[in-house]
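Single-letter residue listing:
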Amino acid sequence: MTGAATAVLVTGGAGYLGSHIALLLAHRGYHPVVLDNLATGHRGAARWGTFVEADLADPARVREVLLAHRIRAVIHLAGCSWAGESVRAPAKYYRGNLVPTLALLEAMAEVESEHLVCSSTGAVYGETDGTPVTEEHPPAPLSPYGRTRLAAEGMVEDFARAHGLRRVTLRCANLAGADPGGELGEDHDPEGHLIPLALEVAQGRRPHLAVFGTDYPTPDGTGVRDYLHVTDAAEAHLLALEHLLAGGEPRTYNLGTGVGTSVLEILGGCRRLTGHRIPALAARRRWGDPAASVLDAARLRRELGWKPGHSDLDTILDTAWRWRRARG
């Protein structure tokens, strides 16, 4: 399938991952329809396809967009995504991750828009022993962020059974890096992710990096995460979409590299790349953060042929740094 005439709704498409997905869709011949309320997304990042500023929690507006653009397929990304914040503000996460998902599912069922790629998170697994976890690992989320994402997965599954919705769920690792072509990068306000925070120190935009937890049961005492280049994540979402459009079965996939990298290893890589000493101060652990989270994506590689091409640490850091330097 070429996708030449296929309009794809991307909820949260003006955000970090969403904008990279819209870029990839446009380059592959699809027509992205980006729906975003711009609460955290950026209008300037929604440069491909059609942009609709709207709140996903409004089912009537979503239904209108689905009908107006004859949407058969949706990539659902919109929601709140900071584990630490979710512990402090759980209501925001239950409202922000479940209400919009319900509105989208209701609208899709009403207009018979049948294909859904649901972007979830590896945070649904909670604490693990640091080895890559498969999709069979029992979910045990530690934070409202992980719990609401797991609940959203359940909502999708229930609507699939009741209304014939066909879905693929992707449980994503920690996204990082920037578009290799320089079009897009990571631009949160406020920023909360490790790599851009370290690079902001190197740019002189903040005095030091806070390392939350130095006493974890990991090789160097700091948290270990699976870092995935955002372009490789976008590619996986497109493969999932094409799997559904070709009649593929509903599936849940982990989306990660299977390689864990500690906070101190990331910090060392940023120091080598930038030539800046990047001062770091130890801080207490944040509630809701597991010691390690690493995902086994063998099923995704085997069944959909996904092959990450940018997710080695050097490429992740280099693309992120080049994008930040180009912005001044």
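Residues numbered from 1 in each chain as written. Predicted model: local features only at pLDDT ≥ 70, side-chain atom pairs only at ≥ 80, totals over all residues. Heavy atoms only, no water.

Trainee: Any chance you could break down the packing of aromatic side chains for me, citing the residues and the numbers?
Mentor: A full pass over the atoms with the stated rule returns 1 aromatic pair. Centre to centre, the rings of Y93 and Y145 are 6.4 Å apart; their planes meet at 80 degrees, and the pair counts as edge-to-face. Linking Y93 in helix α4 (residues 90-111) with Y145 in helix α5 (residues 144-163), this pair joins segments that are 52 residues apart in sequence. (Phe/Tyr/Trp six-rings, centres within 6.5 Å; stacked < 30°, edge-to-face > 60°. Helix = DSSP H or I, 4+ residues; strand = E, 2+ residues; numbered from the N terminus.)

Trainee: Now, about the packing of helix α8 (residues 263-274) against helix α10 (residues 313-327): what can you tell me, with residues and values included?
Mentor: Running from N to C, α8 and α10 point in directions that differ by 55 degrees, and their axes come no closer than 10 Å. Classified by the angle between their axes, α8 and α10 sit oblique to one another. As α8 runs across α10, the sense of the crossing is right-handed. Every residue of α10 that contacts α8 at E265, I266, G269, C270, L273 and T274 is listed here: L313, L317, D318 and W321. (Axes fitted to C-alpha atoms, helices over the stretch in contact; angles between N-to-C directions. Parallel < 35°, antiparallel > 145°, perpendicular 65-115°, else oblique. Left-handed = near helix turned anticlockwise from the far one by under 90°. Contact = heavy atoms within 4.5 Å.)

Trainee: Tell me about empty space enclosed by the protein, and please be specific about residues and values.
Mentor: One pass over the full model with this rule turns up 1 cavity of 30 Å³ or more. For the largest cavity, the calculated volume is near 40 Å³. Counting residues per element, the lining of the largest cavity draws most heavily on α10, which supplies 3 residues. Looking at the lining of the largest cavity residue by residue, the class counts come to 4 nonpolar, 2 polar and 2 charged. (1 Å grid on protein atoms, 1.4 Å probe; cavity = no way out; pocket = protein on both sides within 12 Å on 5 of 7 lines; lining within 4 Å. Points joined across faces, edges and corners; volume = space filled by probe spheres on them. Nonpolar A, V, L, I, M, F, W, Y, C, P; charged D, E, K, R; others polar.)

Trainee: So what's going on with helix α2 (residues 59-68)? Which residues, and what values?
Mentor: For α2, the set of buried residues is V62, V65 and L66. Buried positions in α2, seen along its axis, are confined to an arc of 100 degrees and lie on one side of it. Exposed and oriented more than 90 degrees from the buried face of α2 are L67 and A68. Tucked inside the fold, the buried residues of α2 contact β1 (7-11), β2 (31-36), β3 (50-53), β4 (73-76) and α4. With a side-chain oxygen positioned 3.2 Å from the backbone nitrogen of A60, the residue opening α2 is D58. Trailing α2 by a residue or two, R70 shows a phi angle of about 50 degrees, which is positive. (Buried < 20%, exposed > 50% of the residue type's maximum accessible area, 1.4 Å probe, protein only. Arc of directions from axis to C-beta. Polar contact = N/O pair within 3.5 Å; in protein donor to acceptor, adjacent residues only side chain to side chain.)

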